[in-house]
Amino acid sequence: MTVVVKYEAEVAVLGAVLVDGTLIKDLELEVKHFYHKNHQLIYRCMQKASEQQEFIDIPVVTTHLGKAIHEVGEVSYLVKMTESIATTVNIKHHERLIKDAYRIRKGREAALKYTSNPSEEGMDALIKNLQHFREEGANKEEKTTYDYLIELSEEMYACDGPTGFMSTYQELDDMTGGWQKGDLIIVAARPSVGKTAFALNLAASHCKNGDAATIISLEMGSKQLLQRLISAEARVNGQKWRTSSFSEKDYQHASLAVGEISNWDLTIFDKKRTISEIRYAIRRQVHQNPDAKHIIIVDYLQLIIPAKQYDREDISIGEMTRELKLLAIEMEVPILLLSQLSRGVEARQNKRPLMSDLRGSGNIEQDADLIMFLYREDYYQKERDKADVMEVILQKHRSWYCGIGVF
């Protein structure tokens, strides 16, 4: 049945162009989209004629085919095509059918290739190919400028506050407008400055609003992260988990915190290591709860295992940041990606991070919508009056200005 529909759609498009040669300028088809070889030949000749500013009809297409006219079924085949066309108004509908068939065909080929030689790398390639074919063959109707202007006007009237998901930090929210759907947000710092603690605070704040947070931890186990969350919510010294020196008051506060956290829409993965595993986990979380307001936290970039090995780290990092940026757009969620800074910051007198301190900075800077650096002066100088004071340096934002917030 599929082959019949595919054949008839291809005949309908080619026949319509033979009837009215100007229609080829309205098509977004490529030769590869046609399934039948003779139709590929005919369409290629139509394209050549159009490029040479020739009027497309049976004699012109026959001339361009030359000896290949025998391969396509002689001139009589072209005549039958035109005779089968009652109207040309459905040409765009038939174009869509051809593209749909192409996408299914290429997806099947990629799946068969994977099943013949399955592997972790092959699975990642399969996912990429399926995504590529889905986007490549789809008809994408572009909105007009007027459509966008109307849409923006309606959003202005409907807007009653920031468009993103709020954090607990008012100054940061004022600068960012909140975490926006589709954004890749980099949170970078030197080790032990407080990246994970900062991210946990953001996740906790999001969950307290009744929304969903997913943490993909490559450095710490789920149990450790939950201990830190309980300590933060119960205001219990985290070191007591190691010494088991909890007071009765600690037990009471911790029990209340456990009860509260158990009601959060919080999911922690601590065994996802490859980019394909991370991508699958994020997709599953969003698909399982499509109505929730999701934020995704990945801790951290340099521990992710890429789909394949590269000679240069910056290329490997670039592939992963690009994958996560595309995933944020596809799933319409903000992804907060934690990252280490290079040792270069240690050699400077002023140790506040710069964009060049990002490992693989060129690729990260290109893909990220927002880049934040965390800085604590007491990390380098043990000054009591500045203990536990963290600066969040907003270094890059595609839409807003940059600044520094102190928390």
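As a reminder, the structure under discussion sits directly above these lines.
Residues numbered from 1 in each chain as written. Predicted model: local features only at pLDDT ≥ 70, side-chain atom pairs only at ≥ 80, totals over all residues. Heavy atoms only, no water.

Caption draft 1: Region of interest: the overall build of the chain. Across its full length, the chain holds 15 helices and 8 strands. For the chain, long-range pairs separated by at least 24 residues make up 67% of all intrachain contacts whose partners lie at least 6 apart in sequence. Surface summary for the chain: the accessible area is close to 22,200 Å², and the carbon and sulfur share equals 51%. (Helix = DSSP H or I, 4+ residues; strand = E, 2+ residues; numbered from the N terminus. Contact = heavy atoms within 4.5 Å. Areas by Shrake-Rupley, 256 points an atom, 1.4 Å probe, with all protein chains shown as cover.)

Caption draft 2: Structural detail: the nonpolar core. In terms of nonpolar packing, the biggest core is built from 41 residues, with Trp 179, Phe 198, Ile 215, Leu 266, Ile 297, Met 372 and Leu 374 touching the most fellow members. Discounting residues that sit within four places of it in the chain, Leu 374 has contacts with Val 187, Ala 188, Ala 189, Val 193, Gly 194, Lys 195, Phe 198, Pro 353, Met 390, Glu 391 and Val 392. Grouped together as the second largest cluster of nonpolar side chains are 33 residues, Ile 275, Ile 296, Ile 364 and Ile 393 included. (Core = buried A, V, L, I, M, F, W, Y, C linked by side-chain atoms within 4.5 Å. Buried < 20%, exposed > 50% of the residue type's maximum accessible area, 1.4 Å probe, protein only.)

Caption draft 3: Fine view of empty space enclosed by the protein. Per the counting criterion, the structure on display carries 1 cavity of 30 Å³ or more. Here the largest cavity defines a volume of roughly 40 Å³. If you trace the largest cavity, you find it lined by Ala 189, Arg 190, Val 193, Leu 341, Val 345, Lys 351, Pro 353, Leu 374, Tyr 375 and Tyr 380. Classifying every residue of the lining of the largest cavity by side-chain character gives 8 nonpolar, no polar and 2 charged. (1 Å grid on protein atoms, 1.4 Å probe; cavity = no way out; pocket = protein on both sides within 12 Å on 5 of 7 lines; lining within 4 Å. Points joined across faces, edges and corners; volume = space filled by probe spheres on them. Nonpolar A, V, L, I, M, F, W, Y, C, P; charged D, E, K, R; others polar.)

Caption draft 4: Region of interest: the packing of aromatic side chains. Under the criterion given, the structure shown has 1 aromatic pair. Judged by centre distance (4.8 Å) and plane angle (40°), the rings of Phe 34 and Tyr 43 are tilted. If you follow Lys 195 out to its NZ or CZ, it ends over the ring of Tyr 300, 5.9 Å from the centre. (Phe/Tyr/Trp six-rings, centres within 6.5 Å; stacked < 30°, edge-to-face > 60°. Lys NZ or Arg CZ within 6 Å of the ring centre and 35° of its normal.)

Caption draft 5: Fine view of helix 13 (residues 275-288). If you check helix 13, its first and last C-alpha atoms are 20 Å apart, about what 14 residues at 1.5 Å a residue would give, namely 20 Å. Among the residues of helix 13, those classed as buried are Ile 275, Ser 276, Ile 278, Arg 279, Ala 281, Ile 282, Arg 283, Gln 285 and Val 286. The distance from a side-chain oxygen at the start of helix 13 to the backbone nitrogen of Glu 277 is 3.1 Å, and the residue carrying that oxygen is Thr 274. (Expected span 1.5 Å × (residues − 1). Polar contact = N/O pair within 3.5 Å; in protein donor to acceptor, adjacent residues only side chain to side chain.)

Caption draft 6: View of the layout of surface pockets. Within this model, the largest pocket holds a volume of roughly 1,100 Å³. Around the largest pocket sit 34 residues that line it, and Gly 194, Thr 196, Ala 197, Leu 200 and Arg 228 are the ones nearest its centre. Put simply, the parts of the chain that give the lining of the largest pocket at least two residues each are helix 9 (195-208), helix 10 (222-234) and helix 11 (240-243). Across the lining of the largest pocket, the residue classes break down as 15 nonpolar, 11 polar and 8 charged.

Caption draft 7: Local environment of the packing of helix 9 against helix 10. Orientation of helix 9 relative to helix 10, taken along the N-to-C sense of each, is 70°, at an axis distance of 11 Å. With respect to helix 10, the element helix 9 is oriented roughly perpendicular. Relative to helix 10, helix 9 is oriented so that their crossing is right-handed. Contacts between helix 9 and helix 10 involve Thr 196, Ala 197, Leu 200, Ala 204 and Lys 208 on the former and, on the latter, Leu 225, Arg 228, Leu 229 and Glu 233. (Axes fitted to C-alpha atoms, helices over the stretch in contact; angles between N-to-C directions. Parallel < 35°, antiparallel > 145°, perpendicular 65-115°, else oblique. Left-handed = near helix turned anticlockwise from the far one by under 90°.)

Caption draft 8: Representation of the pairing of strand 5 (residues 335-340) within the structure. Burial analysis of strand 5 places 6 of its 6 residues in the buried class, which makes it a mostly covered element. Burial of strand 5 is two-sided: the residues Ile 335, Leu 337 and Ser 339 facing one way and the residues Leu 336, Leu 338 and Gln 340 facing the other way are all buried. Both strand 1 (residues 184-189) and strand 5 contribute to a ladder of 6 bridges, which runs parallel. In the strand pairing of strand 5, Ile 185 is matched with Leu 336. Of the pairings in the sheet, the one linking strand 4 (residues 294-299) to strand 5 comprises 3 bridges and is parallel in character. Looking across to strand 5, one finds that Ile 296 is bridged to Ile 335. Regarding the hand of the β-α-β motif, the stretch spanning strand 4, helix 14 (residues 313-331) and strand 5 is right-handed. (Pairing = 2+ DSSP bridges. Right-handed = clockwise from strand over helix to strand, strands pointing away.)

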